[in-house]
There are 2 protein chains.
Amino acid sequence: NPWASLTVAETVAITEWLNVPERALNLTPGDRGSLALSDNFVFHIGAFRPAKKDVLAYLEDPTPQSLPERHARVTVHHGAAAEPVVRDYLVGPLPVGEETKMRELTEIYHHDHIPFNARGITSWGELLPILDVVGMSDLAEVTQDLFGGVALGLQNDTLVAGAVGPLSFDGSFRRTWINWRRNVPGMYLHPVGFFMYVDMSGTDPSQWKLLKIVYNHQVFSSVDEFLAVYHNGTLRRLPARPDNIDYGWTTRTRPDVPPRDLDYLPGPRSVSFAGLRFRVDFKTQYVSWMGWGMYFGFDRDMGLSLWDVRFRGERLIYELAPQEAIAQYAGNDPMQSTTAWLDRYFGMGGNVRDMLPGYDCPHEAVFLPATTHSFLGSITRQRAICVFEHDTARPLTRHMGFQHGEFGAVKGYVLVVRSISTVGNYDYLVSVSLFKSQWIADDQQFDYIFHLDGTIEVRLSASGYLQGGFWEPSQEGYGTAIHDTTMGSLHDHVINYKVDLDVAGSANSLLFTSTAQEEVEQPWFEDDWGNTAIQQKITRTYIENEDDAMLRFPTNFQGGYALVNREEKNIWGVPRGYAIHAGYSPVHNTVVGSKRLLNNANWARYNLAVSKRKETEPTSSSMWNQNLPGAPMVDFHKFFDGENITQEDLVAWINVGTHHLPQAEDAPNTRTNTAASSFFLTPLNYFDSDIAMESTNAILLSPP
Amino acid sequence: NPWASLTVAETVAITEWLNVPERALNLTPGDRGSLALSDNFVFHIGAFRPAKKDVLAYLEDPTPQSLPERHARVTVHHGAAAEPVVRDYLVGPLPVGEETKMRELTEIYHHDHIPFNARGITSWGELLPILDVVGMSDLAEVTQDLFGGVALGLQNDTLVAGAVGPLSFDGSFRRTWINWRRNVPGMYLHPVGFFMYVDMSGTDPSQWKLLKIVYNHQVFSSVDEFLAVYHNGTLRRLPARPDNIDYGWTTRTRPDVPPRDLDYLPGPRSVSFAGLRFRVDFKTQYVSWMGWGMYFGFDRDMGLSLWDVRFRGERLIYELAPQEAIAQYAGNDPMQSTTAWLDRYFGMGGNVRDMLPGYDCPHEAVFLPATTHSFLGSITRQRAICVFEHDTARPLTRHMGFQHGEFGAVKGYVLVVRSISTVGNYDYLVSVSLFKSQWIADDQQFDYIFHLDGTIEVRLSASGYLQGGFWEPSQEGYGTAIHDTTMGSLHDHVINYKVDLDVAGSANSLLFTSTAQEEVEQPWFEDDWGNTAIQQKITRTYIENEDDAMLRFPTNFQGGYALVNREEKNIWGVPRGYAIHAGYSPVHNTVVGSKRLLNNANWARYNLAVSKRKETEPTSSSMWNQNLPGAPMVDFHKFFDGENITQEDLVAWINVGTHHLPQAEDAPNTRTNTAASSFFLTPLNYFDSDIAMESTNAILLSPP
Ligand SMILES: [Ca+2]
Ligand SMILES: [Ca+2]
Ligand SMILES: [Ca+2]
Ligand SMILES: [Ca+2]
Ligand SMILES: [Cu+2]
Ligand SMILES: [Cu+2]
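Reading the values: rules and limits
Residues numbered from 1 in each chain as written. Chains lettered and ligands numbered in written order. Predicted model: local features only at pLDDT ≥ 70, side-chain atom pairs only at ≥ 80, totals over all residues. Heavy atoms only, no water. Helix = DSSP H or I, 4+ residues; strand = E, 2+ residues; numbered from the N terminus. Rg over C-alpha atoms; globule rule 2.2 N^0.38 Å. Buried < 20%, exposed > 50% of the residue type's maximum accessible area, 1.4 Å probe, protein only. Contact = heavy atoms within 4.5 Å. Lys, Arg positive; Asp, Glu negative; His and termini not counted. Charge placed at Lys NZ, Arg CZ, Asp CG, Glu CD. Donors = N, O, S within 2.8 Å, 3.2 Å for Na, K, Ca; no water. Pairing = 2+ DSSP bridges. Axes fitted to C-alpha atoms, helices over the stretch in contact; angles between N-to-C directions. Least-squares fit on C-alpha atoms with pLDDT ≥ 70 in both. Salt bridge = Lys/Arg side-chain N within 4 Å of Asp/Glu carboxyl O. Disulfide = S-S within 2.5 Å. Buried area = accessible area lost by both parts, 1.4 Å probe. Parallel < 35°, antiparallel > 145°, perpendicular 65-115°, else oblique. Left-handed = near helix turned anticlockwise from the far one by under 90°. Nonpolar A, V, L, I, M, F, W, Y, C, P; charged D, E, K, R; others polar. Phe/Tyr/Trp six-rings, centres within 6.5 Å; stacked < 30°, edge-to-face > 60°. Polar contact = N/O pair within 3.5 Å; in protein donor to acceptor, adjacent residues only side chain to side chain. pLDDT = per-residue confidence, 0-100.

Can you lay out the overall build of chain A for me, pointing to particular residues and giving the numbers?
Looking only at helices and strands, chain A features five helices and 35 strands. Against the globule reference of 27 Å for 704 residues, chain A gives a C-alpha radius of gyration of 28 Å, in line with a compact fold. Dimensions along the principal axes, computed over C-alpha positions, put chain A at roughly 90 × 70 × 55 Å. Relative to its 704 residues, chain A shows a buried fraction of 69%. If you take every contact in chain A between residues at least 6 apart in sequence, the share linking residues at least 24 apart comes to 68%. With 56 positive and 83 negative side-chain charges, chain A shows a spacing of 2 Å between the two charge centroids.

Written out as structure tokens, the structure reads:
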């Protein structure tokens, strides 16, 4: 598996190699809690995927000699530098030895330096100084009066802080809006309506400061100013909060109602009585089923990725990998109106948790592990990925005919590959409660569903807690009241996938098919129907330039997009292709031009985009994009620089997403049935006919 | 079950009652083959559903006395009348007795009379005279030369006819384009490119005539003219047909390739080890599962319908029933360019076939029967409907939290109710081969999927044979070559459902929610981000007039539609509602204004429409709409006559559909995974929180 993650041993060796004096990195060990911002330390170590041409050569002739060199990507926080900065390094070849070198990795970014103010979140220790900055101890009497809670930095604090991003625009500052919530399970849904804007720029916490306090639309520039207004009686108070007794509604506790009829029985369970029909090679993380085969990759930023996906022996996809997940909020308070999350920042892979057998995946599922490496060391989750065969309970094809040969069905079996990421900085869990709060609490379920006919459905669904707001009438239009004083806030989710389709080879073109109405005249038309007829007609064109390849689905889905190899035709003379077919909720981002998402997620403006593949454009985002809307490390629009995309190696960047207008039924957690979005990759004259007929489950019956 | 179908005994009694001289109907018995067009006979007998107010009174107080009177709808072909006509009669009350009366049923139609030329297809005997009209015997030598086949009206004919609709515009004529195909399994995909336009108006076959012959874009007004051109050598021939040897590609035969890896094993199978968790009352056709309950209805026109759908004891839907399914074609030949099917004409219910256990529905499914009554007598299918519980293999909700109470999942069980209709006039099967051809061969699978949270997914998928065309270069733009000289022709499917939602009672309003971008100024904005912010905002408005309630989904799905009861609020003060949420392929018809679909399927122009419920508007179509595009018996647009729809009993008419641009993989049969469309009916602040948490499968775990 040329895309395998680093092993723990490799990581240890790299760490030791980085620590020797010759490297001159002056690194501080990353033990929990001991790091200061002004230290140099290794933030992250991960595999750097080899060049495609090297891998293809290896796959052609897989010998140990032809295996591409392995490299690591190492992210170092240079907090001790005169001008603190974050740098990415390429370290290799691996294993560590005489040949191993390191150099700065810049060719995949659009800026040379990663601003220190855009850096990833490390230990809780980094945030501790904010306690002093915001003066919650001085405010304890007031917060007890206004909100019935206090935050003193103790385990039994009744208020805890949350914070929102982006933390910076272009790296010139690091600031956040802190919002206070009750310290109860499901805290996300217990905001009290109290906000503080703090500056955390630079490496010296003594320079950090409170910039603003906001309460009930009143803005104060300091704790003193707020206290003065509070004490002189001119503070306009929020309406009394009636729901401060029972917090059970935000837990996953079963309500105390009688069970539904027959609910005491176990539900149906899927059993492969003769054994599983898919193969898993744990060593190489290779899975195969019914003609499909693929390798798994896994990384800190986005978790599971699929590589060299083949069907019936032929490569279809070189790489299929999520790239970024944004959630952009709206509201009438300093928190919701300033939030634009990019989940890669938190590490969708680094935050993978063990899935629940029987709930997250069927009992029969096979689980695979994943390991990631951060400043805290290595974390391995044994149930990071699951694979199972599923009977969709629907025929894939069927017909009840009238003649022999017309009568039969193909059972709709699929193979599902799943990974669920819960973003939220769980490393904070061990710390005291001030920042126990995860930043966000979205469970994003990544499904790859393989069908017998060559179709892949890529499906994302979300559950977890809303980022709740304090409900009051001025929030009308930005969400819905879901409790006395809690609202679900309006937001959009958009998730980008890289799909490096290689359709019948890597020389592909982008086919745009559309339909429109026409009026035609025909010699055979009769007087009784008039001389003309109105009907639809297909137009097929090739989009030849990247600049024209940032795409939205046509109105009423009248047409669509496909990658085809114009030189390779099926037996009927039609170029072989794979279509990108819209599934559930084929949406793009609603908002364009917000400063908080200015240029760091421009892929989200489209349903999909197609660019010429480049080794220097391995991904549409970076973890630092979160905090650099004005100067992103990866600027997606720069991929689209007028290159010709006719019979080139192309990459489709495809989005899924949901417009989340929250509702009462989002509590305690969002339901995955409607919070789902998907797309299909499906053969388009790729074959000569439906090859699912090969299935031995393709029964053929005689007419009854 | 107030919506129960008629029993066979009831039908027999009605038939006898209709046959007595006092009725003066002069009926000819409907035995197979014996009917002449100039006879009077009973075409169809079915239950006429009682008025909603009567049923609601009964459901309030279900005693035998309060059971609404039963009536039958009886369709009579008055072929023997001086002015032949079709009439619908209301016969009742049932059982037949002293009180039973009949009267013409006109209040549900927009025209008083059903034109005889728009009538349904009865026996093959009706079509037999066309054999003589089209002169295929005289052409035998020529068809053998041009197409390698003949049609002499014998069992071993090598060519068979197909025909397309509509057969009329306004009832003033009955004409069709006949197209010739090879008489092999999957004949739909073996057109030879030979077309005849015939007039079948009136009841006297001796008046029927051949109007035109079309071959390779050449039009001839008679057999003689065609023969003359053929013999004088000026006929422009179609290119030689290379694929006239092997017809196996259009059968469901497994290709002769090695099985895929492990395909010899049986796939996973769903087993309820402790027994099924849903209840079926076969006598009343009532099904319940996990708080859901519903009655089944079944009729000739559209098959399965659901009635009094309740969740947790509260009525949610009074009626959920498919109304019509159109398929409108395009092409450069007389067949495809003139086809617009309305499947109700053929009887989606009357044509239901027995489903295949294990393929069409899981082994554990419970099957229910359905009976329909036509001029041929009663047909009962034992496996017309199936019901099963299915594990979606996905959690409905889940969260991996950090505190006690945040950690758990709800298993995604659903109940599926399914019926599959194969439209095609199978009654012809017993006849000789000329019109053995079914008209169309679409398998439409109707799924109703009930979720634990109150969501219903209504899903339609299609399989079966394409209506193939003869492939030649002038067909470019109207489809795709799927074999040497066979093409799949471009067409749209749109299917309409009646959804009589009663959301928290029957007084409902239509809520339109939309989102748009705004730029706002806030006192708390910082200089570092500017003084304004761009974000989205929700606008909620009520659509108050039917004329404004013919709707399309907003661009980028920024917003949607819901029925709400403005007077009934959830505990948080939000009106209780149910949203109509787009699922797969949320499309409407592409073509507007075609004469062949002028006014008989206007519902297909929209994604959905909402009207005030009327007893006189029980359905959006009729079986005769197929042949009356210019003067439909049910004109959907007439429902929308400016009435106010604020807090009224409303009906949502909701479409699913697919744009079918055929491809090689449509052979032998279309695949249901991408030929699928759906919508969700999902609670929208209907509850106070997610009630799926009631499930005893809602496990709660401690943080690990
Ligand atoms: Ca480029
Ligand atoms: Ca490619
Ligand atoms: Ca009306
Ligand atoms: Ca209603
Ligand atoms: Cu959301
Ligand atoms: Cu179709």
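What follows continues from the structure just given.
So what about the coordination of the calcium ion (ligand 3)? Which residues, and what values?
Residues and elements named next belong to chain B. Within the protein, the calcium ion (ligand 3) binds to Glu 546 (OE), Glu 546 (OE), Phe 639 (O), Asp 641 (OD) and Glu 643 (OE); these donor distances fall in the range 2.2 to 2.4 Å. When the donor residues of the calcium ion (ligand 3) are listed from N- to C-terminus, their spacing reads E-x92-F-x1-D-x1-E. Placement of Glu 546 in the loop between strand S28 (532-543) and strand S29 (550-551) and of Glu 643 in the loop between strand S32 (608-612) and strand S33 (650-660) is noted, with a sequence separation of 97 residues between them.

Before we move on, could you go through the sheet that holds strand S25 (residues 486-489) of chain A and cite the residues and values that matter?
Residues and elements named next belong to chain A. Read from one edge of the open sheet, three strands run S23-S25-S24, paired in antiparallel fashion. Both outer strands of the open sheet, strand S23 (468-470) and strand S24 (479-481), are each paired with one neighbouring strand and no more. Along the sheet, successive strands turn relative to each other by an average axial angle of 35°, direction set aside. Sheet analysis places S24 next to S25, joined by three bridges and oriented antiparallel. In the sheet register, Gly 479 faces S25, and the bridge partner there is Ser 489.

Tell me what's going on with the relation of the copies chain A and chain B, and back it up with residues and numbers.
Once chain A has been moved 0.0 Å along the axis and rotated by 180°, it coincides with chain B to within an RMSD of 0.0 Å. Such values leave the two copies arranged in the relation of a two-fold axis. Minimal C-alpha separation from the rotation axis in chain A is found for A:Ser270, amounting to 2.1 Å. Same-surface contact between copies: 100% of interface residues of chain A are shared with the interface of chain B.

Talk me through the pairing of strand S13 (residues 286-289) of chain B; I want residue IDs and the actual numbers.
Sheet faces and side chains relate simply in a regular strand, where the side chains alternate between the two faces. All names here are of chain B. Taken together, the three bridges between strand S12 (residues 279-281) and S13 define a ladder with antiparallel strand orientation. In the strand pairing of S13, Asp 281 is matched with Tyr 286. Once S12 ends, the chain turns through four residues before running back antiparallel as S13, passing Gln 285 with a positive phi of about 50°. Hairpin connection between S13 and strand S14 (residues 292-299): a loop of two residues separates the two successive antiparallel strands, and Met 290 in this loop has a positive phi of roughly 50°.

Mind laying out the sheet that holds strand S10 (residues 218-220) of chain A, listing which residues take part and the relevant values?
Residue and element names in this part refer to chain A. Across the sheet, five strands lie side by side as S6-S7-S8-S9-S10; this open sheet has antiparallel pairing. The open sheet has two free edges, formed respectively by strand S6 (159-163) and S10, since each of these has just one partner strand. Sheet twist, expressed as the mean angle between neighbouring strand axes with direction ignored, is 25°. With three bridges joining them, strand S9 (residues 209-215) and S10 adopt antiparallel strand pairing.

Just give me the short version of the pairing of strand S22 (residues 456-464) of chain B, but keep the residues and values in it.
Residue and element names in this part refer to chain B. In terms of residue burial, S22 counts as a mostly covered element, since nine of its nine residues are buried. Side chains Ile 456, Val 458, Leu 460, Ala 462 and Gly 464 of S22 all project onto a buried face; the interleaved residues Glu 457, Arg 459, Ser 461 and Ser 463 project onto the opposite face, where all are buried too. As defined by bridge partners, strand S21 (residues 442-451) adjoins S22 across nine bridges and the pair is classed as antiparallel. Bridging from a neighbouring strand, Asp 447 pairs with Arg 459 of S22.

Break down the coordination of the copper ion (ligand 6) for me, citing the residues and quoting the values.
Residue and element names in this part refer to chain B. The copper ion (ligand 6) binds to the protein through His 491 (NE2), His 493 (NE2) and His 660 (ND1), with metal-donor distances spanning 2.0 Å. The sequence pattern describing where the donors of the copper ion (ligand 6) fall on their chain is H-x1-H-x166-H. Of this pair, His 491 sits in strand S26 (residues 491-501) while His 660 sits in strand S33, and the two are 169 residues apart along the sequence. You'll find His 491 and His 660 in the same group, each marked buried.

Tell me about the pattern of salt bridges, residues and numbers included.
Counted under the stated rule, the structure contains 70 salt bridges over all chains. The shortest N-O distance in the salt bridge between A:Asp199 and A:Arg175 comes to 2.6 Å. In this pair, A:Asp199 is assigned in strand S8 (residues 191-199) and A:Arg175 in strand S7 (residues 175-182), connecting sequence segments 24 residues apart. Notably, a salt bridge pairs B:Glu643 with B:Lys614, separated by 2.7 Å at the nearest N-O pair. Here B:Glu643, found in the loop between S32 and S33, pairs with B:Lys614, found in the loop between S32 and S33; they are 29 residues apart in sequence, far enough to count as distant. Exposure remark for B:Lys614: the relative accessible area of 23% places this residue in the partly exposed category. Each of the salt bridges in this network shares a partner with another, and the network as a whole consists of A:Lys52, A:Asp500, A:Asp502, A:Arg613, A:Glu615 and A:Asp649.

Provide a residue-level description of the state of the cysteines, including the pertinent values.
All names here are of chain A. Enumeration according to the criterion identifies two disulfides over all chains in this entry. The disulfide that involves Cys 361 links it to Cys 386, with 2.1 Å between the sulfurs. Taking the sign of the torsion about the S-S bond as the criterion, the disulfide between Cys 361 and Cys 386, at about -85°, is left-handed. Note that Cys 361 is positioned in the loop between strand S17 (340-342) and strand S18 (366-374) and Cys 386 in strand S19 (residues 377-399), a separation of 25 residues in sequence.

I'd love a proper account of the interface of chain A and chain B, names of residues and values included.
On the side of chain B, 200 residues touch chain A, which itself brings 198 residues to the contact. In total, about 17,100 Å² of surface goes out of reach between chain A and chain B, with carbon and sulfur atoms giving 55% of it. Among the residues chain A hides against chain B, the three largest losses belong to A:Arg252, A:Arg260 and A:Trp529. Together they make up 6% of the total. Viewed at the interface, chain B and chain A are joined by 16 salt bridges.

Could you give an account of the packing of helix H4 (residues 140-147) of chain A against helix H5 (residues 223-231) of chain A, with specific residues and numbers?
Residue and element names in this part refer to chain A. It is at 11 Å that the axes of H4 and H5 come closest, and there the two elements cross at 55°. Considering their axes alone, H4 and H5 lie oblique with respect to each other. The element H4 and its partner H5 pack so that their crossing is left-handed. Listed contacts from H5 to Val 142, Asp 145 and Leu 146 of H4 are Phe 226, Leu 227 and Tyr 230. Looking at the contact of H4 with H5 residue by residue, the classes come out as five nonpolar, no polar and one charged.

Could you give me a rundown of the packing of aromatic side chains, with the residues and numbers involved?
Under the definition given, this model contains 70 aromatic pairs over all chains. Relative to A:Phe557, the ring of A:Phe553 has its centre 5.8 Å away and its plane inclined at 45°; by these criteria the two rings are tilted. The pair formed by A:Phe553 and A:Phe557 is uniform in burial state, with each residue classed as buried. Geometrically, the ring pair formed by B:Trp524 and B:Phe525 is edge-to-face, given 6.3 Å between the ring centres and 90° between the ring planes.

So, the side chain of A:Glu389: which residues are in play, and what are the values?
As for its position among the elements, A:Glu389 is in strand S19. A polar contact of 2.6 Å, which involves the side chain of A:Glu389, links it to the side chain of A:Arg277. Separated by 3.2 Å, the side chains of A:Glu389 and A:Trp289 make a polar contact. In contact with A:Glu389, other than residues within four places in its own chain, are A:Arg277, A:Phe278, A:Trp289, A:Tyr413, A:Val414, A:Leu415 and B:Pro268.

Mind laying out the confidence of the model for chain A, listing which residues take part and the relevant values?
Taken as a whole, chain A shows an average pLDDT of 92; of its residues, 95% reach a score of 70 or greater. For this predicted complex, the interface score ipTM comes out at 0.96, alongside a pTM of 0.96.

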